[in-house]
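The primary structure of each chain is shown beneath.
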Amino acid sequence: MLNKALLSVTTEIEVPFFDVDSMRVVWHGNYVKYIEVARCELLKLFDYNYLQMEASGYMWPIVDMRLKYVASARLSDWIVIEASLVEYQTRMRIDYVVRDKESGKVLTKAHTIQVAVEIKSGEMSFATPQCLLDKLSPFL
């Protein structure tokens, strides 16, 4: 991806039978699940998973998600999903690259954008909540 990553993680998944169609190709909607797995691993890296978000008084809904399909993963392939935090000011943008583990070939590129919403008021925050800045401070 073009954006410089503040933090990155990689996650490996073996494509299971229930994720493929009759041609043994991963159904396109399952890539959303794969990037969610990687996003959760990234959030763990800076100690701000979804339960911790809630405890801090914020929810972080995804307001934009884009995927570009380049090639297909198939049944029993091992794929590597890289998730990279590239923005954290006023919103969180996470970029993803899904690759075939064996060849390194790019299969899918994606990004998600999440915004902070204060749970009590239901209002979107236009400034980065201090709780997120505190979690990221060791990496800044």
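Residues numbered from 1 in each chain as written. Predicted model: local features only at pLDDT ≥ 70, side-chain atom pairs only at ≥ 80, totals over all residues. Heavy atoms only, no water.

Q: Quick question: what am I supposed to make of the packing of aromatic side chains here?
A: Under the criterion given, the structure shown has three aromatic pairs. Aromatic side chains Tyr31 and Tyr34 sit 5.7 Å apart centroid to centroid with 80° between the ring planes, which places their arrangement in the edge-to-face category. Here the residue Tyr31 and the residue Tyr34 both occupy positions in helix α1 (residues 30–45), the gap between them amounting to three residues, near one helical turn. By relative accessible area, Tyr31 is classed as buried at 2%. Residue classification places Tyr34 among the buried positions, given a relative accessible area of 1%. Relative to Trp60, the ring of Tyr48 has its centre 6.4 Å away and its plane inclined at 85°; by these criteria the two rings are edge-to-face. Here Trp60 lies in the loop between β2 (58–59) and β3 (62–69) and Tyr48 lies in the loop between α1 and α2 (50–55), a separation of twelve residues in the sequence. Here the two residues Tyr48 and Trp60 agree in accessibility, since each one is buried. (Phe/Tyr/Trp six-rings, centres within 6.5 Å; stacked < 30°, edge-to-face > 60°. Helix = DSSP H or I, 4+ residues; strand = E, 2+ residues; numbered from the N terminus. Buried < 20%, exposed > 50% of the residue type's maximum accessible area, 1.4 Å probe, protein only.)

Q: Even after reading the chapter, I still don't get the pairing of strand β4 (residues 78–87), so can you show me in this structure?
A: Here is the key point about a regular strand: its side chains alternate between the two faces of the sheet. Among the ten residues of β4, seven are classified as buried, and the element is accordingly described as predominantly covered. In the sheet, strand β1 (residues 7–14) pairs with β4 via eight bridges, with the strands oriented antiparallel. Residue pairing in the sheet places Ser8 in a bridge with Ser84 of β4. Where β4 and strand β5 (residues 92–100) come together, eight bridges link them in antiparallel fashion. Paired with Glu87 across the strands is Arg93, a residue of β5. Hairpin connection, β4 to β5: the antiparallel pair is bridged by four residues, and Thr90 has positive phi, about 65°. (Pairing = 2+ DSSP bridges.)

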